[in-house]
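Examining the three-dimensional arrangement
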Amino acid sequence: MVDGAYENVASSASGMDRALEAGQGIVQLAPTWVPRAFCTPGRRIRLHPDDYFPFAQGRGGIDERWLSSAVRADNGPLTGANEGLSLVVDPDGGALLPFDEFVGHHKGEAIGERLWTQHEKWPMYSKFFDNQQALPFHVHHTDEKAALVDKPGKPEAYYYSPHMNNHLGDQPISFLGFQPEVTTDQVKARLMRFGDGGDNRITDLSRGYRTQLGTGWDIPSGVLHAPASICTYEPQAACDVFCMCESWSNNREVPEELLWKDVPPEHHGDFDFIISLLDWEKNTDPNFVTNRFMAPYSTAQSLADGETAYVEKWIVYRSPHFSAKELTVRPGQSVTVTDADAYGLIAVQGTGTLGTHDIAAATLIRFGQLSQDEFFVTESAARAGVTVTNRSATQDLVILKHFGPENAELGLHV
């Protein structure tokens, strides 16, 4: 039985120092694969076709790749020791280094003094979730409710990268929030049907939105959502807390235990408590699209530089908890891009160099193999400027960059 993709994982202070120094503040990360028992892989995250089901029976297939993650997945009793946790590559070929310990070792030198002082950890991660069918309608707790099960809350956001979607899956429609006139009694009635078997049809009370590639959504904690069958880039708070509210998904029943997964034991069976997990105002917002939809826009620096050698756009920008950019470097160009904060990144197209590192978007990765598409950039390296060179004469080099809370450049931090 496979426990995880890598066997050579160990903590090493010298390895952590070596990785930071050799990369001049930029470190390479190993691919982090996460299975989900209640989903069907969409097979767009560039894993080898033979490798989507490497775990024990009942674990499900790999439909997520976690990026710059300092947390572990919560996938039940069979969850691997390092499942969901990013691992730093030792440039000397030593053991892979747990990213949470790497951040804890370097502290503000890695993520900046502001984030380290406030959080004492890297407080976000991103992921690609890649499902052939839509996810079940579910909610992530607010900080207040998550604290009852000793977890933080989990806001999240979506960006539908064209580079990761050669097909749109079986249901490219997302159900988000509720119709404004829906009542709590209607929702409670659907939740109470969860254990009856079959479909409780809770999404009848929601609104469906067709996917527009190259756009996205802001999903605060407390807002119900059933994401479409799109390979989605998803920055989020560093937690895996959730409550499944739909009893039927992926052409099969959703286990009822997932309705009560992150509910205090004394509230199991209490449907009023499930209702209390919902931010009712945000769920029934009549201006949901105006307040939550995100169309990309160019950064101020990108516009100032003329957008000939490169284009950089904000793709996630409504949440104070995280943000994200898409950087496109044109063929044969070399640019130096500065940022105010530390960030993780993933290349989705092209090949070139990133500082001292080679960078290349993956085409096919074997389970347990390393890649050259994912990195973490420390605050000092980001502020000094990262030189990105596109080696191709024909294709763009495209990189997605995910940032932590209160991005200074967005004006979220004063």
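Preceding this paragraph is the structure being described.
Treat the numbers as computed from the prediction; the structure is a model and nothing was measured.

Some remarks on the overall build of the chain
Counting its secondary structure elements, the chain contains 11 helices and 28 strands. Taken over C-alpha atoms, the radius of gyration comes to 21 Å for the chain, in line with the 22 Å a tight globule of 414 residues would show. Split into buried and exposed, the 414 residues of the chain put 58% on the buried side. Contacts in the chain between residues far apart in sequence, at least 24 positions, make up 77% of those at least 6 positions apart. Both charge centroids of the chain, one from 33 positive and one from 55 negative side chains, sit 4 Å from each other.

Examining the packing of helix α1 (residues 13-22) against helix α2 (residues 99-106)
One can describe the packing of α1 onto α2 by two numbers: an axis separation of 10 Å at closest approach and a directional angle of 80 degrees. One finds that α1 runs roughly perpendicular with respect to α2. Note on element contacts: α2 touches α1 through Glu101, Phe102, His105 and His106, opposite Ala13, Met16, Asp17 and Leu20.

Looking at the nonpolar core
With 51 residues, the main nonpolar core has Phe99, Phe102, Trp122, Phe128 and Tyr233 as its most contacted residues. Each of domain 1 (13-294) and domain 2 (297-403) accounts for three or more of the residues forming this core. Setting aside residues up to four positions removed in sequence, Phe102 forms contacts with Met16, Leu20, Val27, Val88 and Ala110. Of all hydrophobic cores here, the second largest spans 41 residues; its members include Tyr158, Leu205, Ile275 and Phe288.

A few points about the sheet that holds strand β24 (residues 351-354)
The pairing of strands in a sheet happens through backbone hydrogen bonds and is either parallel or antiparallel. One open sheet accounts for 4 strands, arranged β22-β27-β24-β25; its pairing is antiparallel. Of all the strands in the sheet, just β22 (334-337) and β25 (357-360) have a single pairing partner and so form its edges. Direction aside, neighbouring strands of the sheet carry axes that sit 25 degrees apart on average. Bridge count between β24 and β25: 4 bridges; the pairing is antiparallel. Each residue of the ladder has a partner; that of Leu354, found in β25, is His357.

What to know about the side chain of Lys145
As for its placement among the helices and strands, Lys145 is situated in helix α5 (residues 143-146). Buried within the structure, Lys145 lacks any salt-bridge partner; Glu144 is the closest side chain of opposite charge, at an N-O distance of 5.0 Å. Within the local environment of Lys145, its side chain forms a polar contact with the side chain of Ser276, the two groups lying 3.3 Å apart.

Regarding α2
Among the residues making up α2, those that are buried are Phe99, Phe102, Val103 and His106. What you see down the axis of α2 is that its buried residues fit within an arc of 95 degrees, all on one side. Phi turns positive one or two residues past the end of α2, at Lys107, with a value near 50 degrees.

A short note on the sheet that holds strand β21 (residues 323-329)
Read from one edge of the open sheet, 9 strands run β5-β4-β1-β26-β23-β28-β21-β20-β19, paired in antiparallel fashion. The sheet is open, and its two borders are formed by β5 (97-98) and β19 (297-298), each paired with just one other strand. Pairing of strand β1 (residues 26-30) with strand β26 (residues 374-377) involves 3 bridges; the strand directions are antiparallel. Following the sheet pairing, Ile26 is matched in β26 by Val377.

Observations regarding the packing of aromatic side chains
All chains considered together, the criterion is met by 17 aromatic pairs. Arranged with centres 6.2 Å apart and planes meeting at 20 degrees, the rings of Tyr209 and Phe288 form a pair that is stacked. Pair noted here: Tyr209 is in strand β10 (residues 207-210) and Phe288 is in helix α9 (residues 288-292), with a separation of 79 residues, a long-range link. Neither Tyr209 nor Phe288 differs from the other in exposure class; each is buried. An angle of 50 degrees between the planes, with centres 6.3 Å apart, marks the rings of Trp314 and Phe403 as tilted. Of this pair, Trp314 sits in strand β20 (residues 310-316) while Phe403 sits in strand β28 (residues 397-403), and the two are 89 residues apart along the sequence. With respect to burial, Trp314 and Phe403 carry one shared label: buried. An aromatic cluster of at least three residues, connected via ring pairs, comprises Phe99, Phe102, Trp122 and Phe376. Residue placement shows Lys325 over the ring face of Trp314; its charged tip is 4.7 Å from the ring centre. Sitting above the plane of the Tyr343 ring, Lys401 keeps its charged end 4.6 Å from the centroid.

Reading the values: rules and limits
- Residues numbered from 1 in each chain as written.
- Predicted model: local features only at pLDDT ≥ 70, side-chain atom pairs only at ≥ 80, totals over all residues.
- Heavy atoms only, no water.
- Helix = DSSP H or I, 4+ residues; strand = E, 2+ residues; numbered from the N terminus.
- Rg over C-alpha atoms; globule rule 2.2 N^0.38 Å.
- Buried < 20%, exposed > 50% of the residue type's maximum accessible area, 1.4 Å probe, protein only.
- Contact = heavy atoms within 4.5 Å.
- Lys, Arg positive; Asp, Glu negative; His and termini not counted.
- Charge placed at Lys NZ, Arg CZ, Asp CG, Glu CD.
- Axes fitted to C-alpha atoms, helices over the stretch in contact; angles between N-to-C directions.
- Parallel < 35°, antiparallel > 145°, perpendicular 65-115°, else oblique.
- Core = buried A, V, L, I, M, F, W, Y, C linked by side-chain atoms within 4.5 Å.
- Domains from an automatic or database assignment.
- Pairing = 2+ DSSP bridges.
- Salt bridge = Lys/Arg side-chain N within 4 Å of Asp/Glu carboxyl O.
- Polar contact = N/O pair within 3.5 Å; in protein donor to acceptor, adjacent residues only side chain to side chain.
- Arc of directions from axis to C-beta.
- Phe/Tyr/Trp six-rings, centres within 6.5 Å; stacked < 30°, edge-to-face > 60°.
- Lys NZ or Arg CZ within 6 Å of the ring centre and 35° of its normal.

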